Structure formats: C-alpha cells, structure tokens
Amino acid sequence: MTPHPHGPRHTAPPTPPAGHAGHAGHAGDAGHTAHAGHAAHAAHGGHTATGGHTGSTGTEPDWDALAVHLEREAELKVPFLEEAAAWLHDLLGPLDVTRVLDLGSGPGVTTVALAHAFPGAETVAVDSSAALLERARARSEREGLAARITTRAAELPAGLPDLGSAELIWTSNVVHHLGDQRAALETFAAALRPGGVLAVREGGLPTRFLPRDIGVGRPGLQARLDAAEEDRFSAMRAELPDHTRTVEDWPALLVAAGLAPTGSRTFLTDLSAPLDPVARAHVRARVERLRESLADDLSAEDLATLDTLLDDGSAEGLLRRPDVFFLTATTVHTAVRT
Ligand SMILES: C[S@@+](CC[C@H](N)C(=O)[O-])C[C@H]1O[C@@H](n2cnc3c(N)ncnc32)[C@H](O)[C@@H]1O
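What comes next is a walk through the structure. (Residues numbered from 1 in each chain as written. Predicted model: local features only at pLDDT ≥ 70, side-chain atom pairs only at ≥ 80, totals over all residues. Heavy atoms only, no water.)

1. Some words on the overall build of the chain
Here is step 1 of the chain: In terms of helices and strands, the chain carries ten helices and eight strands.
Here is step 2 of the chain: Across the chain, contacts joining residues at least 24 apart in sequence account for 75% of those joining residues at least 6 apart. (Helix = DSSP H or I, 4+ residues; strand = E, 2+ residues; numbered from the N terminus. Contact = heavy atoms within 4.5 Å.)

2. Description of the side chain of Q222
Here is step 1 of the chain: You can see Q222 is positioned in helix α7 (residues 221-238).
Here is step 2 of the chain: Polar contacts involving the side chain of Q222 include one to the main-chain amide nitrogen of F209, which spans 2.6 Å. (Polar contact = N/O pair within 3.5 Å; in protein donor to acceptor, adjacent residues only side chain to side chain.)

3. Observations concerning the nonpolar core
Here is step 1 of the chain: Core analysis: the largest hydrophobic core is formed by 27 residues, its most contacted members being L103, L156, I169, L185, F188 and L198.
Here is step 2 of the chain: Within the residue set of this core, elements represented by two or more residues are β1 (99-103), β2 (122-127), β4 (166-172), α6 (181-190), β5 (192-201) and α8 (250-256).
Here is step 3 of the chain: No other element matches the four residues that α6 contributes to this core.
Here is step 4 of the chain: When sequence neighbours within four positions are dropped, the list of residues in contact with F188 reads L103, L156, P157, L160, I169, T171, V175, L178 and L198.
Here is step 5 of the chain: With 24 residues, the next largest nonpolar core counts A113, L114, A117 and F267 among its residues. (Core = buried A, V, L, I, M, F, W, Y, C linked by side-chain atoms within 4.5 Å. Buried < 20%, exposed > 50% of the residue type's maximum accessible area, 1.4 Å probe, protein only.)

4. Structural notes on the packing of aromatic side chains
Here is step 1 of the chain: On inspection of all chains with the given rule, the structure shows two aromatic pairs.
Here is step 2 of the chain: A centroid spacing of 5.2 Å and a plane angle of 50 degrees characterise the contact between F80 and F267, whose relative ring orientation is tilted. Note that F80 is positioned in helix α3 (residues 78-92) and F267 in strand β7 (residues 260-271), a separation of 187 residues in sequence.
Here is step 3 of the chain: For F80, a relative accessible area of 2% gives the class buried.
Here is step 4 of the chain: The interplanar angle of 55 degrees and the centroid separation of 6.2 Å between the aromatic rings of W87 and F267 together place this pair among those described as tilted. In this pair, W87 sits in helix α3 while F267 sits in strand β7, placing the two residues 180 residues apart along the sequence.
Here is step 5 of the chain: By relative accessible area, which is 11% here, W87 ends up buried.
Here is step 6 of the chain: Among the aromatic residues, those joined into a cluster by ring pairs are F80, W87 and F267. (Phe/Tyr/Trp six-rings, centres within 6.5 Å; stacked < 30°, edge-to-face > 60°.)

5. A short note on the packing of α7 against helix α10 (residues 300-309)
Here is step 1 of the chain: Taken N-terminus to C-terminus, the directions of α7 and α10 make an angle of 110 degrees; their axes are 11 Å apart at the nearest point. Relative to α10, the element α7 lies roughly perpendicular. Helix-helix and strand crossings are classified by hand; for α7 and α10 the assignment is left-handed. Touching L221, R224 and L225 of α7 are D302, T305, L306 and L309, all from α10.
Here is step 2 of the chain: Here the contact of α7 with α10 is composed, by residue class, of four nonpolar, one polar and two charged. (Axes fitted to C-alpha atoms, helices over the stretch in contact; angles between N-to-C directions. Parallel < 35°, antiparallel > 145°, perpendicular 65-115°, else oblique. Left-handed = near helix turned anticlockwise from the far one by under 90°. Nonpolar A, V, L, I, M, F, W, Y, C, P; charged D, E, K, R; others polar.)

6. Re the side chain of S129
Here is step 1 of the chain: Looking at where S129 falls in the secondary structure, it is placed in the loop between β2 and α5 (130-142).
Here is step 2 of the chain: A polar side-chain atom of S129 sits 3.1 Å from the main-chain amide nitrogen of L132.

7. Observations concerning α3
Here is step 1 of the chain: A rise of 1.5 Å per residue sets the reference length of α3, with its 15 residues, at 21 Å; its end C-alpha atoms lie 21 Å apart and thus fit the reference within 8%.
Here is step 2 of the chain: Counting buried positions along α3 gives eleven out of 15 residues, so the element sits mostly inside the fold.
Here is step 3 of the chain: Of all the residues in α3, the buried ones are V78, F80, L81, E82, E83, A84, A85, A86, W87, L88 and L92.
Here is step 4 of the chain: Packing partners of the buried residues in α3 comprise α2 (63-76), α4 (109-117), β4, β5, β7 and β8 (326-336).
Here is step 5 of the chain: One or two steps after α3, the chain reaches G93, where phi turns positive at roughly 55 degrees. (Expected span 1.5 Å × (residues − 1).)

8. A short note on the pattern of salt bridges
Here is step 1 of the chain: Counting across every chain of the model gives 18 salt bridges.
Here is step 2 of the chain: E83 is the salt-bridge partner of R265, the closest N and O atoms lying 3.3 Å from each other. Taken together, the residues R265 in strand β7 and E83 in helix α3 connect sequence positions 182 residues apart.
Here is step 3 of the chain: Residue E83 is classed as buried on the basis of its relative accessible area, which comes to 17%.
Here is step 4 of the chain: Overlapping salt bridges bring together E71, E75, R135, R139 and R142 as one network. (Salt bridge = Lys/Arg side-chain N within 4 Å of Asp/Glu carboxyl O.)

The analysis is restricted to geometry; functional conclusions fall outside its scope.
Now the structure itself:
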C-alpha cells in the first residue's frame, strides 16, 4: 500500500459483525448484492423520485437497513480508500484544497479518509439519507475530525447547486443510482473550482469470495450470481427517474462534462483465507441478501447451494469453511477542470 503522505492514518475500528446486512454498490463493490424482499432498486441503493429513502414499500431502498452493510463494506476497503486519497492529493498538486465534497457519502468512511488526506480542507459528506449522515457525523467525532467534517442532506443531482463549490469532488458508487448519469456528471463538474478534480468511483471487478468449485452443487456459482445480478441491476436502472441509457465509458463521460481526464486507477482489496470474523460475517450477510434478491433468477440447484453456505451449523457453511476470501478491484476515474 502506498504510504499516506499526511497525518494520521484512518484508525477507526471495524464495525462489529451485526445482523442482517444490506446492499452496496455496483460491480466491484458490495456488488449488486443487496436488497432483500424489495426490488433490485433497493439493492443498489436506488433513489426515488421524491428522494425518499424510507423504503417501507415498493422499490424504495431502506437505507437504515443497509447502513451496517455499507459501513462494513467500506471499512474492509479502508486501505484502498487511503491509497486513492493519497493519489488524489498528488493529482491536485500545489492547488490549495480548502473544500472537499463527498457526494453520496453513505456512512462517511471515505469522508474521513479524505479529511485525513486534506488536512487544510473542510470536507462535506452529502447524502439523501439522514441515518447515514448521522453515522458519518458520529464517525468524524470518533476520529477527532468533527471540526473539519460537516454533513449536508441533499438529493442528487438536483441539490448540488446549493452545496457550493470545491477543489475536490469525490463520488463513489452513487452515479449508477442516478437516472441520467451523463447529466449528473455535468452537474458535479460544474461545482468544481478551477484546477479542481472530480473523482468518480465506478466499475472495477465483481467481488469474489469462493473458489470456482466449492465441493457443493455446480461449479462456477459466483459467475452465475454475477450474471443474475447484472440483469437485476439493469432492471433497477430502467426504473430510475429520468433513466437514460448511457455508454458507461467513464473517462469519455468526464470529457463530455467539460473536464480533462487525469487518469483512472484500479485498486485491489485482497483479503485472503481464512477471513477474520468481521469479513466472514460480511460475506455471509452478502450471500444472504443474494439468496433473497435472486430467488427468482437462480436454479433450484444454486439456491440449494446458497442454503448450504448459509447453514451456520454446517462445515460447508460460510462461517465455518476455511476457503472463504474477499477479493475485489475498484476503479476510480479522475478529471480536472482546467
Ligand atoms: C452504494 S452507497 C455508496 C456509499 C459510499 N459512497 C460508499 O462508496 O461507501 C450509495 C449512497 O448514495 C446515496 N444516494 C443514492 N441516491 C442518492 C441521491 N439521489 N441523492 C443523494 N444521495 C443518494 C445513498 O443514500 C447511499 O449512501
């Protein structure tokens, strides 16, 4: 891992294993794993026309239920976040960074990493979920950063003009929740100060956590889970307000937003087997959500395999088997306002 150029490293302890986990992002993140009974919309943290996130009915996501999963997923990737923040610091070079926006911050794990990397800046966590912003606020207090981290409730992208400008705008696994991704990036880019950088975390590779052949059911389970999730994800996107199909060529979209690309980098998160209890619980929660969300999309054989993996009394279950790992690659695309 690249040494952190500034100040103390992020030291918050991981969120302890806790109950049922929620979704997370797109490929390479907590994947399309998500949502339980609710539609795929919730799985990816889709937003609603009203910006509501109460999630009690229909396809509305329940961010309160997803909070633990989002936070733990981000905590497992803190080394990547710190490395990415250091890279962004290098990209911004001599520019005096006084304000950083973390758009769709969720529980604020990245917000804290950015605040550490830019000690001269006010860092603003922006999200439509009050519950997640409260987590971000509590985290910033635990980190001793309350004086430099603020939280702002806003619906993106409409709320952006009220947030003011910044030298660095970071957005992670959020753009794919917005109906018109190209228009959203244009709005984000417009909030950059001259010389400022927009960093968009999208894409990468789906997370893998099991060998191809696990000795139960048909080999290649994860490839089939990924394929089923891709279809669910496309269906979710099609239901978003203002949905516009977009070629997800992120550097090209940043150019279309009026910016000059400054590079894309992919960061590995590689937790090898045997996993510690926190990471193991995270994988189990993720599989539980996959079992629920993809129940109509998978074969009976694959569903039975998932049931075995979720059997905590079985030596073949995720909590006891020795071969569970956590491997993913996350891509960050950057561009500067010249
Ligand atoms: C998949 S989570 C990503 C959280 C965090 N950025 C991370 O990478 O860990 C998506 C986040 O975007 C927020 N979000 C989704 N749609 C939004 C919208 N239209 N306006 C504001 N926030 C939104 C959700 O509340 C959630 O916190």
